[in-house]
Each structure stands twice: as structure tokens, then as C-alpha cells.
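Below are the chains, spelled out letter by letter.
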Amino acid sequence: MLEEKITKKTNSPGPITSDSPVNYTFSQSSEEGGDFKLKPLIGLLKRRFTIIIGVFAVAMAGVVYSTFNQVPVYEGNFRILVEPVNSDSNIGKINLEMTNVRQSQLDYESQIEVLKSEALLKDFLKELQKSHPEITYPALVGSLSINRLGETKIIQVSYRSDNLKRIKIILDPLADFYLKYSLNKRQTKLRQGVQFVDAELPSIQKRLVDLQKQMQTFRQKYNFIDPAQQSGIVSNQIQSLSQQRLSLNQQLTAARANYASLQKREEQLAILNNAPLYQQLISAQRQLDSQISGELARFQASNPVIRTLQEKRANLLPVIEAEGTRTINIRMSEARSLIQKLEVDSQYLSELEKQLQIKIDQLPVLSRQYVDIQRNLEIVNQSLNRFLASREQLQIEIAQTELPWELIRPYILPALVSSDIYHNLLVGFGGSLALGIAAAVLREKMDNTYHAAEEIRDKTGLALLGTLPFDKNLVRNQSLNPTNTVRNGEMISDDLSRSAGQLSNSSPIRSSQSSNYYGEGSFWESLQVLYNNIQLLNSDQPIRSLVISSSLPGDGKSTVAFNLAKTAAALGKKVLLVDCDLRKPQVHKLSQLNNLWGLSSLISSDMDIKPVIQEMPQFHGLSVITAGPLPPDPARLLSSDKMSQLIEYFSHNFDLVIYDSPPFGGLVDARLVSIKTDGVIIVARIDKTDKSALQQVVDNLKISPINVLGLVANGDKFQGSGYNYTSTYSSYYFRKQEVSL
């Protein structure tokens, strides 16, 4: 089911109020998206039907003529086996293990291009032109076809011509030429391969020797064998040094403690007690002391014996003291020497640790250098092995009897290439139709007019208030009322003349029906929808005055204004139609009223309003003010205070006032009137209105204080019937009641 989304917007600056005119735009749901995508295409095909048929007829005629007048063409061919069926058969007799040897495969596309190239065929053409000088390279290649048969190893060479003899003249020598070419090419390729390998081998061998020397120098310089092994050695050395340093530090601590204890008196006495010589001297002193004590018991102190003993004792004391000092000094010297030795050993271990730390820091760099050298060495070694294997393989292939290309099916009697008439006509039909459609699309791209109401709405961004259909019956009725087709000695534009005929003759009064109903058909239904849409723009304060204009002349603005006024009057409104087009007025011709005086008379004089307002007797409730005599300066009159007073007077005395103004394009008249009314409606004529002109008018109105109510699409040739057309908008009326303004 069709869903409609109503968007509420106002063209007036500031917030939306109850007095702000509101425009409503409709958007179809995605359920009918396919129809809307298909509708523009159908419209294009209908509009450009003549172009499509014309181009199709011309192209199809050419196809038919060429199909039934083509000359019989014959085709001959031969087939060549370009690769052995079993690629291993050539070397099956030689049982050699060839590793890293890549067997070449034939690039068929490139080979076919080479076989058709001018550089290859020039020698063949020289021999051929000796007897047939008329055969040139373009003529040969244009009829020559070279293709691979599916995924096989066979190439088929075909030649087409309307001359049977020429096919044989070309294909026979061409087969021999290709076979010789393959043999020479293969031998040349093998020789070039051997030469290339021989030329590259010395440089590769030299690179290998240089890398080997580089590896040897690296190992000798850094005592470097392998990254993993070197890392283990350094780790073991560091562990061993750590253990040695721990033991050395313990010894050094003990030696320093021993040296410190030697300086104490108690430790020195303990050392002297353990010194043999010092103890002997002490014993000798004790013996002398004993002798002296014994002799003193017998002799006087002055006795020579006692004096002799005392002298010995006195001489012994310095010796004892010297020996004690010597013994202590020896022990302290030994302790100092031990400490110095341990400190030297500690410094040595520190230096070793520093050296190992440097090695540890250098190890990643050395490992990377080693790996780089080793990798390059392996690459060069592999390259050398490949080159040696390739040279051996090439020499084997040269030594063996290699078969060139083989002609497996020689040239036979050419067959007639039957022309498929039905296929050609079918393809021609499709191509001609596509060409016609392309021409229509090109013409459509060059057309700067609108072709659908939706297109006008989407491009301008304005609300589409209504769509007025194009009715052939109304156009035909125009011939019944030819009195309005001439204006001041000039022909009225087609749309105005057509509209006058449509509207004046399509709405006769029907005495048997209600006096409020003045017409029937899709055109009048469309007018009723337009009027109702205008009334629904603002439910709080109905629109009482509006201007109907267009971007350029010829869009049917006067027709829309006149018939909208009749529709409003038919629906019971008191309507006034004012012709503000003081340059090319049309309302008096559409309404068939006199134009002796009108709007220009009211503005430029003190004439009473009532005589100027003319009522149309056949349309109850409809009054008209014609333009009157054409003034020299219409803009000055429309911008006057008198015009503002008249607009205010009209709004207070009529339910709806419709102003038919000149087009916006290039004139200021419509702007002067629109700014004083409730809004303006722009009329655009399908297949007539210029896109750029209308867009320029819309852009100018968006930056002006004029309230643009929306637009009316006029002259839609694809509008539906009255009943269906009205039902299209039925959901809009019901949905509108639910919108809260």
C-alpha cells in the first residue's frame, strides 16, 4: 500500500507560527520505487519515439542491405603442434637428476602476437610480393587469424578471402615459414642461453670466492665460529669469572682482617710465642736472670761474676727486642703481600669481565654480520649451482635432437564460411535498436527542459501543489473558438491559445447539473486538487491572496490563474482575478471581457473600483479586473502606494484574490506584487520550461522575503484518468487532517 510522508516547511524566515504558510511535499515509499524508476525511461521512449524509429530504420536498412549483398567468403587453415605432447620424452633417455631447473612454458598470447607482427612477417612478405605485389601487411593481417585450440598445445592459423587461389598462395608458404622460424628460434634461444650462462658464471664464482674470504677473515678477527657456539663459550667464561671473583673476594676479605689483627698487641704476643728464635732468646734471658739471682745470694752486687752476668743480660735484651720486631714485621709484610696479590688478581678479573662484557655487547652485531655473510654465501652458492645445472641442461638439449614445431594438419581445400542471415539480422536488429535508444538518450541530454512533474519538484526543491494534464480533446476544441488567437496583430503563443481553447470550451454551463460544477475530466479534477492543496497549506488562517507567475513566457500562468479562479468560484468562494501583467495581458482574452479600463486605470487615476470589477455572468462568484491600457512604466504603477491600498481592499472584500503577474525572469513586476500577498505559485510547463531559467528564479526567491507556496506542473501528457488521478491524492487529504500545525 502506498505510504506518504508529509514534510512541513515554511519559506518565511523565523519560527513557524499559525500564520506561517506551510508547504507539503510528498515522497513515495520504497514499495513503488521500481515504478518511479521505470516511469522516466518510459517517458523518454515516448518523447523520443520518432528519433528512435528513425535511427533504427536507417541502421536496420544498412544491416539488411549488407546482409543480402555480401560476397561469399572462404576460409582455409592449418594446425601446428608448438610443444611436445609429453614434455618429459625428450630427456627420458638421460637419467639425470636436475634440481632447481625451471622448465619454460610457452606464453601463447605473446607467441600469437609475435606470429602476427610485422617484424616477423616482413621476410615472408618480401618473398610473397615477388609474385603477388598487391599483398601488403595490412591486407594480410586483416584476414589472418591465429588462435590456440582450447587448452591444447596446438595453434591454428586461418585465412579468409573471397579468392580460393589466394588462400592457398598464402597458407602453404606461411606454414613452412612458421616451421623454419620455430627451429631457428629454438636453436638461437639455446645458444643464447649457454652464452648467457657462460658470461654470468665468472662473476658468480668471483662473488663466491670473495664471500668465502670475507667469512674467513671475520672468523679469524673475532675468533668467531658460530653464533650459538660463541654465545655458549662467552656464557661459560662469564660464569667461571663470577665464581673466581667470589672466591677471590672472600680471600681478600680474610687477608685484610688478618692484617688488621696483626696490629693488635695480643696478636703480636701470640705470634712471638710461636716464634722459635724469639723463645730461645727469652729462655736465655730467663737463665741469666736465674744465674744472677743465684749469684746474688752468694756474692755482692759489685762482684765481677754478677757484673758479667748483668752485662750479658743487658746485651741480650736489645737482641730479644730486635728479634720480636723482626718477627712481627715479617708477618705483617706477608699479610700486606697477600692483600696486594689478591687486589691485583681482582683487577685482572675485572678487566677480563669488561672484555667479556664488550664481547657480549658486540655479539648481536657480530652475529648479524655473520648471518648476513653466511646468507649471501648460500645465495651465491645456490645461484652458482643453478647456473651450472642450467648450462648442463642446455648443453643436453643442444646435444639431443630437438623437434621443432610440427605441422599436424596441413592446408586443405577452403570451406565456405556460410553467412548466417538470421543471426546477422537479429544482431543488426538489436544493434540498431540500441543505436536508436542511444541517439534518444543523447538528444535527451541536450534538452534543457523538464519532462515530468517529479523532476521539476526534485530539481527545484519546491512543493508540488498540483499537476495539470495535457488533454488532446481540449486542444481540438480550440479550433471552435479561434477569436482569441490574435492579439494586437500578433499570434498568441501556442500554449496560451491552446489553453484558451481548452478552458473556454471545455467548461460549458450544464443547466441540468448543479450551478457549482463547471467542467469534468482529468483537467478539472486536477484543478480541484490544486485548489484544495492551496487551501490546506495553512489551516489556521486560509490563504486569501496569491500570485501566479512563471519563469518565462509561454508556461501557461494566465491559463492556470483564470481556471483556478473558476474552480474556486465553483466551490462557493467569492473570487477576484486581477490581471497584473501590464505588459502582455491575457486575462481579458481568456474571459472574453473588454479591456477598456482595468488595473492600470485604477492605479493611475481616481477612478472608482466598482466599475472596473467585471463579473462573469456564466460563473457565479467570479469577478475579474483586467489589465487595462498598457502603461509606459508598469513597475512604477505596481510599486505605488495605490497598488498596496488596492491589494488590501481586495483581500478584505473577497475570499480569494488571484493575481496574474508577468514572468519573474528579467522583470521585477511579479516581485513587487508577490511581496504584498500571502504567497506566490510558480507555473512550470512540462517539455517547455527552461531548467536554468526556472532554477535561477527559485534561487532568487529563496533569498527574498517572498513566500513561495509551491509550483504547478502544467501540460503533463502522461497524467492518468480523472477517477484514478483523484484517488492518488485521496490519502493526502486524510493524512492532512492528522497533521498538527
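Refer to the structure presented above.
Just so we're clear, the structure is a prediction, and the values are computed from it rather than from any experiment. (Residues numbered from 1 in each chain as written. Predicted model: local features only at pLDDT ≥ 70, side-chain atom pairs only at ≥ 80, totals over all residues. Heavy atoms only, no water.)

Q: I'd love a proper account of the overall build of the chain, names of residues and values included.
A: Regarding its fold elements, the chain presents 25 helices and 17 strands. When each of the 741 residues of the chain is scored for burial, the buried share is 40%. (Helix = DSSP H or I, 4+ residues; strand = E, 2+ residues; numbered from the N terminus. Buried < 20%, exposed > 50% of the residue type's maximum accessible area, 1.4 Å probe, protein only.)

Q: Provide a residue-level description of the nonpolar core, including the pertinent values.
A: V578, L599, I625, M643, F650 and Y659 are the most contacted members of the largest nonpolar core, which totals 42 residues. Look past the residues within four positions of Y659 in its chain and what remains in contact with it is S545, L546, V547, I548, V578, C580, M643, I647, F650, V673 and T677. Residues A561, V575, I658 and V712 belong to the second largest nonpolar core, which totals 34 residues. (Core = buried A, V, L, I, M, F, W, Y, C linked by side-chain atoms within 4.5 Å. Contact = heavy atoms within 4.5 Å.)

Q: I'd like a description of the pattern of salt bridges, backed by residues and values.
A: What the rule picks out here adds up to 15 salt bridges. The salt bridge involving E343 is made with R256; its shortest N-O contact spans 2.8 Å. One end of the pair, E343, is in helix α10 (residues 304-399); the other, R256, is in helix α7 (residues 227-262), and 87 residues separate them in sequence. By relative accessible area, which is 32% here, E343 ends up partly exposed. A salt bridge links D289 to R313; the nearest nitrogen and oxygen atoms lie 2.2 Å apart. Here R313 lies in helix α10 and D289 lies in helix α9 (residues 276-298), a separation of 24 residues in the sequence. Counted as one network, the salt bridges with shared partners bring together K557, D581 and D660. (Salt bridge = Lys/Arg side-chain N within 4 Å of Asp/Glu carboxyl O.)

Q: Residues and numbers for a nonpolar patch on the surface, please.
A: A cluster of nonpolar side chains, namely L38, L41, I42, L45, F429, L433, I437 and V441, defines an oily patch on the protein surface of about 600 Å² accessible area. Counting residues per element, the ones that place at least two in the nonpolar patch are α1 (33-47) and α11 (421-446). Within the secondary structure layout, I42 lies in helix α1. (Patch = residues over 30% accessible without salt bridge, like charges linked within 9 Å, V, L, I, M, F, W, Y side chains within 5 Å. Areas by Shrake-Rupley, 256 points an atom, 1.4 Å probe, with all protein chains shown as cover.)

Q: Break down the side chain of S182 for me, with residues and values.
A: Within the element layout of this structure, S182 appears in helix α6 (residues 164-222). By relative accessible area, S182 is classed as buried at 6%. A distance of 3.2 Å separates a polar atom in the side chain of S182 from the backbone nitrogen of W405. (Polar contact = N/O pair within 3.5 Å; in protein donor to acceptor, adjacent residues only side chain to side chain.)

Q: Can you break down the sheet that holds strand β16 (residues 680-685) residue by residue, with the values?
A: A sheet is described by the order of its strands in space; here 8 strands give the open sequence β8-β17-β16-β11-β15-β12-β14-β13, paired in mixed fashion. In this open sheet, the two edge strands, each paired with only one partner strand, are β8 (464-469) and β13 (614-615). Pairing geometry for strand β12 (residues 575-579) and strand β15 (residues 656-660), over 5 bridges, is parallel. Looking at the pairing, L577 lines up with I658 of β15. Contacting β8, β11 (545-550), β15, β16 and β17 (708-716), helix α15 (residues 522-535) runs over the sheet at an angle of about 170° to β8. (Pairing = 2+ DSSP bridges. Axes fitted to C-alpha atoms, helices over the stretch in contact; angles between N-to-C directions.)

Q: Tell me what's going on with the pairing of strand β3 (residues 73-81), and back it up with residues and numbers.
A: Two elements, β3 and strand β5 (residues 154-161), share 8 bridges in a ladder whose sense is antiparallel. Along β5, the bridge assignment pairs N77 with S158.

Q: Which residues make up the packing of aromatic side chains, and what values do they have?
A: The relation between two aromatic rings is expressed through the spacing of the ring centres and the mutual angle of the planes. Tallied over the full model, the rule gives 7 aromatic pairs. Centroid distance Y181 to W405: 5.9 Å. Interplanar angle 75°. Geometry classified as edge-to-face. Of this pair, Y181 sits in helix α6 while W405 sits in the loop between α10 and β6 (406-409); the two residues are 224 residues apart in sequence, bridging distant segments of the chain. The burial state of Y181 is the same as that of W405; both residues are buried. Of note, R148 hangs over the ring of Y108, and the distance from its end group to the ring centre comes to 3.8 Å. (Phe/Tyr/Trp six-rings, centres within 6.5 Å; stacked < 30°, edge-to-face > 60°. Lys NZ or Arg CZ within 6 Å of the ring centre and 35° of its normal.)

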